[in-house]
Amino acid sequence: MLNQPITLTQYLIEERRRFPLASGSFNSVVLAVALACKALSRKVAYGVLAGLHGQAGSVNVQGESQYKLDVLANEQFLQGLQWGGNVRGMLSEEMEDPWLAKDTDVAAGDYLLAFDPLDGSSNIDVNLSVGSIFSVLRAPEGGRSIRVEDFLQPGARQVAAGYALYGPSTMFVLTVGRGTHGFTLNPELGEFLLTHPDLRVPEESQEFAINASNSRFWEPPIRRYVEECLAGRNGVREKDFNMRWIASMVADAHRILTRGGVFMYPRDTKDPAQSGRLRLLYECNPIGLLIEQAGGRASSGEAPILQIAPSGPHQRIGFVFGSKQEVERIERYHRERVDEVEPDTPLFNRRGLFRSMG
Ligand code: AHG
Ligand code: MN
Ligand code: MN
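Here the structure is a predicted model, which is why all the values come from computation and not from measurement.

Undergrad: How should I be thinking about the coordination of the manganese ion (ligand 2) in this particular structure?
TA: In ideal tetrahedral geometry, four donors around a metal make angles of 109.5 degrees, whereas ideal octahedral geometry with six donors gives angles of 90 or 180 degrees. Distances from the manganese ion (ligand 2) to its protein donors, namely Asp-116 (OD), Asp-119 (OD) and Glu-283 (OE), fall within the range 1.8 to 2.1 Å. In the primary sequence, the donor residues of the manganese ion (ligand 2) line up as D-x2-D-x163-E.

Undergrad: Could you clarify how one ought to interpret the packing of aromatic side chains in this entry?
TA: Two descriptors summarise a pair of aromatic rings, namely the distance from one centre to the other and the angle between the planes of the rings. Using the criterion set out here, one finds ten aromatic pairs in the structure. Relative to Phe-172, the ring of Phe-134 lies with its centre 5.6 Å away and its plane at 20 degrees, an arrangement referred to as stacked. Of this pair, Phe-134 sits in strand E6 (residues 130–138) while Phe-172 sits in strand E8 (residues 170–175), placing them 38 residues apart in sequence. Comparing Phe-134 with Phe-172, the two get one shared label, buried. Among the aromatic residues, those joined into a cluster by ring pairs are Trp-245, Phe-263, Tyr-265, Phe-319 and Phe-321.

Undergrad: Where do I start with the domain arrangement of the protein in this structure?
TA: How large an interface is tends to be reported as the accessible area lost when its parts come together. What the domain assignment lists for the protein is domain 1 (8–196) and domain 2 (207–336). Across the boundary between the two partners, domain 1 contributes 44 residues, which contact 30 residues of domain 2. For the pair domain 1 and domain 2, the summed buried surface comes to about 2,700 Å²; carbon and sulfur atoms form 63% of the total. On the domain 1 side of the contact with domain 2, Ile-133, Leu-152 and Tyr-163 bury the most area, a combined 20% of that side's loss. Applying the counting rule to domain 1 against domain 2 returns four salt bridges. Two residues, Arg-279 and Glu-64, come together in a salt bridge whose shortest N-O distance is 3.3 Å. At the surface where domain 1 touches domain 2, the tally comes to 20 residue pairs in polar contact (both at pLDDT 80 or more). Class assignment of the residues belonging to the side of domain 1 that touches domain 2 gives a composition of 21 nonpolar, 17 polar and six charged.

Undergrad: I tried to follow the packing of helix H1 (residues 8–16) against helix H2 (residues 25–46) on my own but got confused; where do I start?
TA: Between two packed helices, what matters for the description is the angle formed by their axes and the separation of those axes. Interhelical geometry of H1 versus H2 gives an angle of 160 degrees and a closest axis separation of 10 Å. The angle between the axes of H1 and H2 places the two elements in the roughly antiparallel class. H2 is crossed by H1, and the crossing has right-handed handedness. Taken together, the residues of H2 that come into contact with H1 (itself represented by Leu-8, Thr-9, Leu-12, Ile-13 and Arg-16) are Phe-26, Asn-27, Val-30, Leu-31 and Ala-34. In terms of residue class, the contact of H1 with H2 is made up of seven nonpolar, two polar and one charged.

Undergrad: Whenever I open this one, the pattern of salt bridges confuses me. Can you help?
TA: When the charged atoms of two side chains with opposite charge come close together, those side chains can pair. Taken as a whole and assessed by the stated rule, the structure comprises 22 salt bridges. As a salt-bridge pair, Glu-15 and Arg-18 come within 3.2 Å of each other at their nearest N and O atoms. The class for Glu-15 is buried, based on a relative accessible area of 10%. The residue Glu-336 makes a salt bridge to Arg-332 at a minimum N-O spacing of 2.9 Å. Of the two residues, Glu-336 and Arg-332 both sit in helix H7 (residues 324–340), four residues apart, roughly one turn of that helix. On the basis of relative accessible area, Glu-336 is assigned to the partly exposed category, the value being 26%. Among the charged side chains, a network of salt bridges with common partners joins Glu-64, Glu-93, Arg-277, Arg-279, Glu-283 and Arg-316.

Undergrad: Teacher, can you tell me more about the sheet that holds strand E10 (residues 191–196) here?
TA: In a beta sheet, neighbouring strands pair by backbone hydrogen bonds and run either parallel or antiparallel. Strand order in the open sheet formed by eight strands is E4-E3-E5-E6-E7-E8-E9-E10, with mixed pairing between adjacent strands. A single partner strand is all that each edge strand has here, and the edge strands are strand E4 (99–100) and E10. Alignment of strand E7 (residues 160–166) against E8, held across six bridges, turns out to be antiparallel. The residue bridging Tyr-163 from the neighbouring strand is Val-173, located in E8.

Undergrad: Please explain the site of ligand 1 as it appears in this structure.
TA: In the vicinity of ligand 1 there are 18 residues, among which Asp-119, Gly-120, Asn-211, Met-249 and Tyr-265 approach most closely. At 2.8 Å, a side-chain N or O of Asn-211 approaches an oxygen atom of ligand 1. Glu-283 places a polar side-chain atom, nitrogen or oxygen, 3.5 Å from an oxygen atom of ligand 1. Here ligand 1 loses 87% of its free accessible area of 480 Å² to cover by the protein chains. Taken together, the elements giving at least two residues each to the shell around ligand 1 come down to strand E5 (111–119), strand E13 (262–265) and strand E14 (278–279). Among the elements that make up the shell around ligand 1, the one with the highest residue count is E5 (three residues). For the shell around ligand 1, the two domains that each supply at least three residues are domain 1 (8–196) and domain 2 (207–336).

Conventions we followed
- Every chain's residues receive numbers from 1 upward, in the order its sequence appears when written.
- Chains carry letters from A onward and ligands carry numbers from 1 onward, assigned in written order.
- The predicted origin of the model limits local features to residues at a pLDDT of at least 70 and limits the giving and counting of side-chain atom pairs to 80 or more, whereas totals for whole chains, interfaces and linings rest on all residues.
- Derived side-chain values reflect all non-hydrogen atoms in the structure, with water molecules and hydrogen atoms excluded from consideration.
- Each metal site is built from N, O and S donor atoms within 2.8 Å (3.2 Å for Na, K and Ca), and since water is not included, such sites may look incomplete.
- We call Phe, Tyr and Trp rings a pair once their centres come within 6.5 Å, taking the six-membered ring for Trp, and we label the pair stacked below 30 degrees between planes, edge-to-face above 60, and tilted otherwise.
- The numbering of helices and of strands both runs from the N terminus, where a helix is a DSSP run of H or I of at least 4 residues and a strand a run of E of at least 2.
- When accessible area is computed with a 1.4 Å probe and restricted to protein chains, residues below 20% of their type maximum are described as buried, those above 50% as exposed, and intermediate ones as partly exposed.
- Domain borders in the structure are assigned automatically or taken from a domain database.
- Contact criterion: two residues are considered in contact whenever any of their non-hydrogen atoms come within 4.5 Å of each other.
- Buried area: the accessible area, evaluated with a 1.4 Å probe, that two parts lose upon being put together, summed over both parts.
- Every case where a carboxyl oxygen of Asp or Glu lies within 4 Å of a side-chain nitrogen of Lys or Arg is listed as a salt bridge.
- N or O atoms within 3.5 Å of each other form a polar contact, as long as, within protein, one can give a hydrogen and the other can take it, and as long as residues adjacent in sequence are counted only when both atoms are side-chain atoms.
- Classification used: nonpolar for Ala, Val, Leu, Ile, Met, Phe, Trp, Tyr, Cys and Pro, charged for Asp, Glu, Lys and Arg, polar for all others including Gly.
- The angle between two axes is taken between their N-to-C directions and runs from 0 to 180 degrees, where each axis is a line fitted to C-alpha atoms and a helix contributes only its stretch in contact.
- Should an angle fall under 35 degrees it is called roughly parallel, over 145 degrees roughly antiparallel, and 65 to 115 degrees roughly perpendicular, with every other angle called oblique.
- Two helices cross in a left-handed way if the nearer one is turned anticlockwise from the farther one by less than a right angle. They cross in a right-handed way if the turn is clockwise.
- Two strands are counted as paired when DSSP detects at least two bridges linking them.
- Proximity is defined per residue: any heavy atom of the residue falling within 4 Å of a molecule or strand makes that residue near it.
- Reported accessibility uses the Shrake-Rupley method at a 1.4 Å probe radius. Residues are deemed covered only where the shown protein chains occlude them.

Right, dumping it as structure tokens:
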């Protein structure tokens, strides 16, 4: 008997046995996403030879310049998922409005897909890790056509979430609500193999990730946390910390799933019109579910990320995730800050207070 790891397809079939009435539609969604990721992995691996370095010359709904690979990755996801008839709507970072199945197709799909087709785009041209992130939600029952509001479900309602990491090896990391599992692409077989079953985020850690160039815009709870880490063994934490920042959340999340740590892209005062950098529906929620399914914690800093009711398809939010004890500490620092506010101070003054005292 060969002792080789099972494939992603085998894993999904095993999981499906728990639901005797399942149609196979869910597995088709995940396998179609995995196929799109394999195709992207090849493009990324060819690098500049694929002619896909550089900017596309367009701007997305976020006001960000699109790279050629952002546009191609978006197309890859759309094409890969449209033909199967298993999704009724798709929301992407790169499209202002979601793709919605035609009314004539509505009976076909039980699921909605939200995705960031290429995460960490600024890393493409410097040949560093990038990835893709996805979130699977249930489509409303009754077969009616989809509206954008149907995507506005709290992250706790995700049926599945995952990412592909196009690193030195390509990995596909998935949760269907029963743990978080890592699959490595065997390029010769063209198959993802279960190499990292049941990933666990260590509860404690001594490593943090934050873009420190934003420090002058941070609110006091984050400033306090980072200052205490920097003080190391001479400070209240009584131990030295290490720091990493890859500028690709997928890659940072993968490191944290592998050896622990905490990631912060907090709400700050840099752009008062935005309440964070990362997008709730296709960045924070899927990574949040993967982290929590691995025993870690994911938060806006103030509330569990998976409990937040989304206000819009491209909503941004502060995001903190990783080792449970560190995230709980950051949440506590936010609560302690709130406790310091005079009881009769309206809550909406809070950010103003943070700014003036920062
Ligand atoms: P995207 O490439 O999809 O726009 O996302 C990039 C995100 C995230 O992956 C990363 O952690 C963060 O933006 C980096 O932001 P800074 O450039 O501000 O560090
Ligand atoms: Mn992203
Ligand atoms: Mn992106």
